[in-house]
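Take a look at the letters that make up each chain.
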Amino acid sequence: MKFDLKKDGKRLFVVCLASVIMALNIKSFVRTGGLYPGGATGLALLIQRSASMFLHVAIPYSVVNIILNAIPVYIGFRFIGKKFTLYSCVTILLTGFLTDIIPGYVITYDTLLISIFGGLINGFVISMCLIVNATTGGTDFIAIFLSQKKGIDSWNLIFGLNAVILAIAGILFGWDKALYSIIFQYTSTQVLHLLYTKYQQQTLFIVTNRAWDVYEAISKVSHHGATIMNGEGPYEHEERQVVYSVVSKSESKEVIEAIRKTDSHAFINAVKTEHLAGKFYFKPNE
């Protein structure tokens, strides 16, 4: 693993800041509302509360969280990336210890407000980590692993797995908190979809007279290929070329800017890709 002082310093700062915000969110929103946010965090809180209620044993959040993340961390080191997993471990450890030691500040007792704004913060924090190639742990590792192997945006699948945790919480502690937790998790997932778009794709159709130059611009920015098709402009009956390419949504803005610099007269149509089958290049996580 090679480290760059500027790049990795920024990365470390972001994951530390995300850990602080996540811990504050757990103490001030999640615990105040008695919610179960899903993933390793929700499962850790579920185990904590179950041990306290049924066994009268107080288990530190950090201990439970570290144990639950053991297998996901192994998946990260084995299949995703070593630096990615290392920074994720910083987030997991720091969030756990801060959750145990910092005091909680009650902002509101309204469970609906807690579910909405707590979910917004949770999704924002997860997105912060993912954008700098790290994660808050737990099911995030599994989601990224599935996204890389299957080439799909798998966060909705993880939302389904989290629903199982919420169902158990509802059986044990009451359905009102479980249902509010679904609002929390849904809000978090939507923020994540909005801010983190690496595993979403866009299809580009570019009508141009400089097809090969446009292809090279796309390839240089995104490392994706393209298909060049011949066409005809019916108004002037002139030959046109159409470049067809699929790129990551997170790269599409940069790709379109590169196309504009290559051919300022190009006609570009960007379409959301709902499903993609076949090989698609993803920049590997370090």
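Scroll up to find the structure this text is about.
Before going into details, it helps to say that this report is about the structure given with it. In this convention, every chain numbers its residues from 1, walking through the sequence in written order. Totals for whole chains, interfaces and linings use all residues, but because this is a predicted model, local features are given only for residues with pLDDT of at least 70 and pairs of side-chain atoms are given and counted only at 80 or more. In computing side-chain properties, one takes all heavy atoms of the structure into account and sets aside hydrogens as well as water.

1. Quick word on the sheet that holds strand β1 (residues 201-208)
- On the basis of which strands lie adjacent, the open sheet formed by 4 strands has the order β2-β3-β1-β4 and antiparallel pairing. The open sheet terminates on both sides in strands that have one partner only, identified here as β2 (227-233) and β4 (267-273). Strand after strand, the sheet turns through a mean of 25° between neighbouring axes, direction not considered.
- Two strands pair if DSSP finds at least two bridges between them. Secondary structure elements are defined from DSSP: runs of H or I of at least 4 residues count as helices, runs of E of at least 2 residues count as strands, and each element is numbered from the N terminus. Of the pairings in the sheet, the one linking β1 to β4 comprises 7 bridges and is antiparallel in character. Pairing of Q202 across the sheet is with K272, part of β4.
- Contacting β1, β2 and β3 (238-248), helix α10 (residues 211-222) crosses the sheet at an angle of about 10° to β3. To get an axis, a line is fitted to the C-alpha atoms, and for a helix only the part in contact is used. The angle between two axes follows their N-to-C directions and goes from 0 to 180 degrees. Residue contacts are counted whenever heavy atoms from the two residues lie within 4.5 Å of one another.

2. Topic: the packing of helix α1 (residues 5-33) against helix α6 (residues 111-131)
- Interhelical geometry of α1 versus α6 gives an angle of 165° and a closest axis separation of 9 Å. Relative to α6, the element α1 is oriented roughly antiparallel. Both α1 and α6 take part in a crossing whose hand is left-handed. Residue-level inspection shows V14, L17, A18, I21, M22, N25, F29, T32 and G33 of α1 in contact with α6, the latter providing T111, I114, F117, G118, I121, N122, V125, I126, M128 and C129. Relative orientations are named as follows: roughly parallel for angles under 35 degrees, roughly antiparallel for angles over 145 degrees, roughly perpendicular for angles from 65 to 115 degrees, and oblique for any other angle. Take the far helix as your reference; a near helix turned counterclockwise from it by less than a right angle gives a left-handed crossing, and one turned clockwise gives a right-handed crossing.

3. Remarks on the packing of aromatic side chains
- By convention, a stacked pair of Phe, Tyr or Trp rings (six-membered ring in the case of Trp) has centres within 6.5 Å and planes under 30 degrees apart, an edge-to-face pair has planes over 60 apart, and any other such pair is tilted. Within the structure shown, the criterion is met by 5 aromatic pairs.
- Between F54 and F173, the ring centres sit 6.1 Å apart and the planes meet at 35°, which makes this aromatic pair tilted. In this pair, F54 sits in helix α2 (residues 39-55) while F173 sits in helix α8 (residues 155-173), placing the two residues 119 residues apart along the sequence.
- Here F84 and F141 contribute two aromatic rings whose centre-to-centre distance is 6.0 Å and whose plane-to-plane angle is 80°, an arrangement assigned as edge-to-face. Of the two residues, F84 sits in helix α5 (residues 82-101) while F141 sits in helix α7 (residues 139-150), which places them 57 residues apart along the sequence. As far as burial versus exposure is concerned, F84 and F141 are alike and both buried.
- Each member of the aromatic cluster is reached from another via a ring pair, and the members are Y36, F54 and F173. Each residue's exposure class comes from its accessible area (1.4 Å probe, protein chains only) as a fraction of the maximum for that residue type: buried when under 20%, exposed when over 50%, partly exposed otherwise.

4. Thoughts on unusual backbone geometry
- Despite not being glycine, H56 has its phi angle at roughly 55°, a positive value.
- With respect to the helices and strands, H56 occurs in the loop between α2 and α3 (61-68).
- You can call H56 exposed: its relative accessible area is 69%.
- Positive phi is not limited to glycine here, since N133 has a value of about 60°.
- By secondary structure assignment, the location of N133 is in the loop between α6 and α7.

5. Concerning the pattern of salt bridges
- Here, a salt bridge means any Lys or Arg side-chain nitrogen found within 4 Å of an Asp or Glu carboxyl oxygen. On inspection of all chains with the given rule, the structure shows 4 salt bridges.
- In this structure, the salt-bridge partner of D213 is R210, at a minimum N-O distance of 3.1 Å.
- For R210, a relative accessible area of 39% translates into the label partly exposed.
- Across the pair R240 and E238 runs a salt bridge whose closest N-O atoms are separated by 3.2 Å.
- The exposure class assigned to E238 is partly exposed, which follows from its relative accessible area of 38%.
- Within the structure, one salt-bridge network assembled from shared partners comprises D8, R11 and K83.

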